Amino acid sequence: MRLHKVTFTLRSAVVGSPLEAWQADTVFGQLCWALARREGPEVLAAFLGEYGRAQPPLVISNGFPNDLLPRPILPPPASRGSLRERRGAALQSKQAGAVDLLTLAEFNRAIAGERFNPAPKDVSQVRVTLKNQINRATSTTGGEGHLYSLEEGVVPRGGDGMARVSVYAWIAEGQLETVRRMFAGLAEDGYGKRKSVGYGEIESWDMNPFSGFSPPPQPEGFIALSNFVPAPGDPTDGYYRLSVKYGKLGEEFANLPNPFKKPLVMLAAGSCFRAANVQPYYGRLVPGISPAHSAVVQYGLALAVPMKFPQDLA
């Protein structure tokens, strides 16, 4: 497997918070739709069938704005010194704890086991806009109760004036061209909800091999760059945050009588686990997630980066 970085340059907002909209399972679902539409459901079924074998064809991270990465989910260091010093340390730790994303340089310091207070980031903006429902019979707007609110998620623009989201991907040998076509299809279709009215437009994208992570020479475990569902036998000694996913079928399947998926408990990106021999990925695909469509699976794999734990947690 080889690690790649896929970067999307965005033209418009998405519906909802960008950090939630670009979670790995949603990105993977859109990639699967792009493959099925262009090459047929049989090709998609064969692609998903590879996940039951020795090595998955594709493992992806969450999408992160402007080259930022998740901060390891770790307990704060123990306070020492006088009461005043402990209070000051607790306040400083609380302020630092509000920063959930790191620059690549900060991320490499964190996976080396270093304790530090990261700089604040402007990671995403959510604004509420008012929309007017259209009467399909008269093609007009207006009328009592026709106004509703919608959350729009905007990725802040970088120094070059562009807003970008990056997804990291482990790609198996022989799957590069298939995966490239999947990402190209996603970029062409647009991303997320309400694409038909202009949300989630992607101006451009690129995919290149990536070697920017600097894992320590003797890692003690890994940090997950994806929300994921552990597989049997995955490490259990670590620090994590839970997230309950209330999913819904997308695209054409959204019109089924019951488009809702079963609730699924996932571990959040940034979760860290101790492991003797760190693997490139953990987790699994989750079958049986949709009562209305038995073939639907939920992406639950984690792209893993080796790390050391701070000395106070050793």
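The sections below set out a description of the structure shown in this document. (Residues numbered from 1 in each chain as written. Predicted model: local features only at pLDDT ≥ 70, side-chain atom pairs only at ≥ 80, totals over all residues. Heavy atoms only, no water.)

Broken down by element type, the protein carries six helices and 18 strands. In the protein, buried positions account for 44% of the 314 residues. For the protein, the share of sequence-separated contacts (at least 6 apart) that also reach a separation of at least 24 residues comes to 77%. Of the roughly 16,100 Å² of accessible surface on the protein, 51% is carried by carbon and sulfur atoms. (Helix = DSSP H or I, 4+ residues; strand = E, 2+ residues; numbered from the N terminus. Buried < 20%, exposed > 50% of the residue type's maximum accessible area, 1.4 Å probe, protein only. Contact = heavy atoms within 4.5 Å. Areas by Shrake-Rupley, 256 points an atom, 1.4 Å probe, with all protein chains shown as cover.)

The next subject is the pattern of salt bridges. The full count for this structure, using the stated rule, is 13 salt bridges. Note that glutamate 201 is salt-bridged to arginine 11, the shortest N-O span being 3.4 Å. You can see glutamate 201 sitting in the loop between helix H6 (176-189) and strand E11 (202-209) and its partner arginine 11 sitting in the loop between strand E1 (2-10) and strand E2 (14-15), a full 190 residues away along the chain. Judged by relative accessible area, which is 32%, glutamate 201 ranks as partly exposed. Lysine 245 serves as the salt-bridge partner of aspartate 25, at 3.3 Å between the closest nitrogen and oxygen. Of this pair, aspartate 25 sits in helix H2 (residues 24-39) while lysine 245 sits in strand E14 (residues 242-245), placing them 220 residues apart in sequence. Neither aspartate 25 nor lysine 245 differs from the other in exposure class; each is buried. Linked through salt bridges whose partners overlap, the residues forming this network are Arg37, Arg38, Glu188 and Asp189. (Salt bridge = Lys/Arg side-chain N within 4 Å of Asp/Glu carboxyl O.)

Moving on: the sheet that holds strand E12 (residues 221-224). Across the sheet, five strands lie side by side as E13-E16-E12-E18-E17; this open sheet has antiparallel pairing. In the strand order of this sheet, the two ends are held by strand E13 (238-239) and strand E17 (281-286), each with one partner. Here E17 runs beside strand E18 (residues 298-307); their pairing, made up of six bridges, is antiparallel. What sits directly across from glycine 283, in E18, is leucine 301. Helix H5 (residues 104-111) rests against E12 and E18 of the sheet, and its axis sits at about 75 degrees to E18. (Pairing = 2+ DSSP bridges. Axes fitted to C-alpha atoms, helices over the stretch in contact; angles between N-to-C directions.)

Before going further, it helps to examine the packing of H2 against helix H3 (residues 41-49). Running from amino to carboxyl end, H2 crosses H3 at an angle of 135 degrees, the nearest separation of the two axes being 6 Å. Compared by their axis directions, H2 and H3 come out oblique. Residues Phe28, Cys32, Leu35, Ala36 and Glu39 of H2 form the contact with H3, whose participating residues are Pro41, Val43, Leu44, Phe47 and Leu48. Class assignment for the residues of the contact of H2 with H3 results in nine nonpolar, no polar and one charged. (Parallel < 35°, antiparallel > 145°, perpendicular 65-115°, else oblique. Nonpolar A, V, L, I, M, F, W, Y, C, P; charged D, E, K, R; others polar.)

Our next topic: the sheet that holds strand E3 (residues 58-65). Hydrogen bonds between backbone groups are what pair the strands of a sheet, and the pairing can be parallel or antiparallel. Taken together, the four strands give an open sheet; going across it, the order is E3-E10-E1-E11, and neighbouring strands pair in antiparallel fashion. In this open sheet, the two edge strands, each paired with only one partner strand, are E3 and E11. For this sheet, the mean inter-axis angle between neighbouring strands, taken without regard to orientation, is 20 degrees. Judged from the nine bridges that link them, E1 and strand E10 (residues 163-171) form a sheet pairing that is antiparallel. By the bridge assignment, histidine 4 is partnered in E10 with alanine 169.

Looking at where alanine 78 falls in the secondary structure, it is placed in the loop between strand E4 (69-70) and helix H4 (83-97). Take alanine 78: its relative accessible area is 54%, and that puts it in the exposed class. Expressed as a C-alpha distance, the spacing of alanine 78 and aspartate 312, which sit 234 residues apart in the sequence, is 7.9 Å.

Below, the discussion takes up the nonpolar core. Counting 58 residues, the largest nonpolar core has Phe8, Leu58 and Ile60 as the members making the most contacts within it. Contact partners of isoleucine 60, with chain neighbours within four places excluded, come to Ala24, Val27, Phe28, Leu31, Val167, Tyr168, Ala169, Phe183, Ser226, Tyr299, Leu301 and Leu303. (Core = buried A, V, L, I, M, F, W, Y, C linked by side-chain atoms within 4.5 Å.)

With that out of the way, let us pick up H5. Of the residues making up H5, those classed as buried are Glu106, Phe107, Asn108, Ala110 and Ile111. Against the buried residues of H5 lie E4, strand E5 (101-102), E12 and E18.

Overall, the coordinates contain 16 aromatic pairs when judged by the stated rule. Ring geometry for phenylalanine 28 versus tyrosine 51: centroids 5.8 Å apart, planes at 90 degrees, classification edge-to-face. Pair noted here: phenylalanine 28 is in helix H2 and tyrosine 51 is in the loop between H3 and E3, with a separation of 23 residues, a long-range link. Each member of the pair, phenylalanine 28 as well as tyrosine 51, is classed as buried. Geometrically, the ring pair formed by tyrosine 168 and phenylalanine 210 is edge-to-face, given 5.1 Å between the ring centres and 65 degrees between the ring planes. (Phe/Tyr/Trp six-rings, centres within 6.5 Å; stacked < 30°, edge-to-face > 60°.)

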